[in-house]
Amino acid sequence: MEKYLVKPESKLSLRKHNCSDTGIFLGNKAKCRKATAALRDELVGLQDVLYAQHKYKVLVVLQAMDTGGKDGAVKGVFEGLNPLGVHAISFKAPTPVELEHDYLWRIHSQVPASGEMVIFNRSHYEDVLVVRVKNLVPAEVSDKRFGHIRDFERMLSDNGTVIFKFFLHIDADEQKKRLQARLEDKDKHWKFNIGDLADRKLWDDFQAAYEEAIERTSTVEAPWYVVPSNKKWYRDYVIAKVMVDRLKALKMTYPENKDDLSKVVIQ
Ligand code: ADP
């Protein structure tokens, strides 16, 4: 999965990333789905130890253009995990109360505790993406945020948080297809947001903002992955694979019971 990793201090050109890449599966959806199912089983096992050991915290950040598949990825990758130890949270446009605080306030209050896995569906990155594209705060204010975010994530990492950041990368044609599908299916109308059309017109600006944000915040402790996401099944595979590989490397173990259980007799 190295090829999707954005190395710290490196330049990123999203245009050069093939959104329809299917890696080793060469378009074989059935084979890929099978591999993802196996990874999901592994993830279930890893979450079980994470929860029991209570040592690490896991934060997953999902960012994408509209229709990029954040909701789908939450379902496709994390289904089957123990609900006691995992939850997802969607960050919408800030409320008036949230706007009265610094932009990381609402984010910090939702980060995972020990043993937990939390998935951010949108995140503090909106504060350097949509906010910069639409000039919601002066550029000199938002520019400082890259440094804040790097420091914030380093602090989380120093406190035992394993951070995954995934940009689900679709191209403009794929977005058009997905918007069209939403328009044509009454059951998908609830997902159709007229405002998304205005954002679609700003496609290039958003891509440039993503490039800058990812370049400036991909760090050793909190690296970004650009996930080819035109094929939903490959998107889910990449996310699951990156997570399983990194979580396995932590060599988490179940805690020992301090009592001597060898002499316990259950009457
Ligand atoms: P989603 O598209 O994630 O399914 P919505 O359609 O409700 O959910 O969109 C949420 C909106 O909130 C997006 O347009 C996003 O840009 C906006 N948003 C999220 N965080 C912020 C923020 N910090 N500042 C401004 N807008 C934000």
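It should be noted that the structure appears before, not after, this text.
Residues numbered from 1 in each chain as written. Predicted model: local features only at pLDDT ≥ 70, side-chain atom pairs only at ≥ 80, totals over all residues. Heavy atoms only, no water.

## Description of the site of the ligand
Step number 1: Lys70, Ala93, Arg122, Glu126 and Asp127 are the nearest of the 14 residues found near the ligand.
Step number 2: Contacts to the ligand include arginine 106, whose side-chain N or O atom sits 3.2 Å from a nitrogen atom.
Step number 3: One nitrogen or oxygen atom from the side chain of aspartate 127 is found 3.0 Å from a nitrogen atom belonging to the ligand.
Step number 4: Within the complex, 76% of the 570 Å² of free accessible area of the ligand lies under protein.
Step number 5: Of the residues belonging to the shell around the ligand, the class tally is six nonpolar, one polar and seven charged. (Near = heavy atom within 4 Å. Polar contact = N/O pair within 3.5 Å; in protein donor to acceptor, adjacent residues only side chain to side chain. Areas by Shrake-Rupley, 256 points an atom, 1.4 Å probe, with all protein chains shown as cover. Nonpolar A, V, L, I, M, F, W, Y, C, P; charged D, E, K, R; others polar.)

## Description of the pairing of strand 5 (residues 161–169)
Step number 1: Within strand 5, nine of the nine residues are buried, which leaves the element mostly enclosed by the surrounding structure.
Step number 2: Burial along strand 5 is two-sided: Thr161, Ile163, Lys165, Phe167 and His169 and Val162, Phe164, Phe166 and Leu168, pointing in opposite directions, are all buried.
Step number 3: Taken together, the eight bridges between strand 2 (residues 57–64) and strand 5 define a ladder with parallel strand orientation. Note on strand 5: the bridge partner recorded for valine 60 is phenylalanine 164.
Step number 4: Pairing of strand 5 with strand 6 (residues 224–228) involves five bridges; the strand directions are parallel. (Buried < 20%, exposed > 50% of the residue type's maximum accessible area, 1.4 Å probe, protein only. Helix = DSSP H or I, 4+ residues; strand = E, 2+ residues; numbered from the N terminus. Pairing = 2+ DSSP bridges.)

## Side note on the state of the cysteines
Covalent bonding between the sulfur atoms of two cysteines defines a disulfide.
Step number 1: Scanning the model with the defined rule gives zero disulfides in all.
Step number 2: This cysteine, cysteine 32, is not joined by any disulfide, and cysteine 19 carries the nearest cysteine sulfur, 16 Å off.
Step number 3: The exposure class assigned to cysteine 32 is buried, which follows from its relative accessible area of 0%. (Disulfide = S-S within 2.5 Å.)

## Points about the nonpolar core
Step number 1: If you look at the biggest cluster of nonpolar residues, it comprises 38 residues, and the most contacted ones within it are Phe166 and Met243.
Step number 2: With ten residues, helix 11 (residues 232–249) is the largest single contributor of residues to this core.
Step number 3: Leave out the neighbours within four places in its chain, and methionine 243 touches Leu43, Val58, Val60, Phe78, Met117, Phe164 and Phe166.
Step number 4: One finds Leu12, Val133, Ile163 and Ala209 within the second-largest nonpolar core, a separate group that totals 36 residues. (Core = buried A, V, L, I, M, F, W, Y, C linked by side-chain atoms within 4.5 Å. Contact = heavy atoms within 4.5 Å.)

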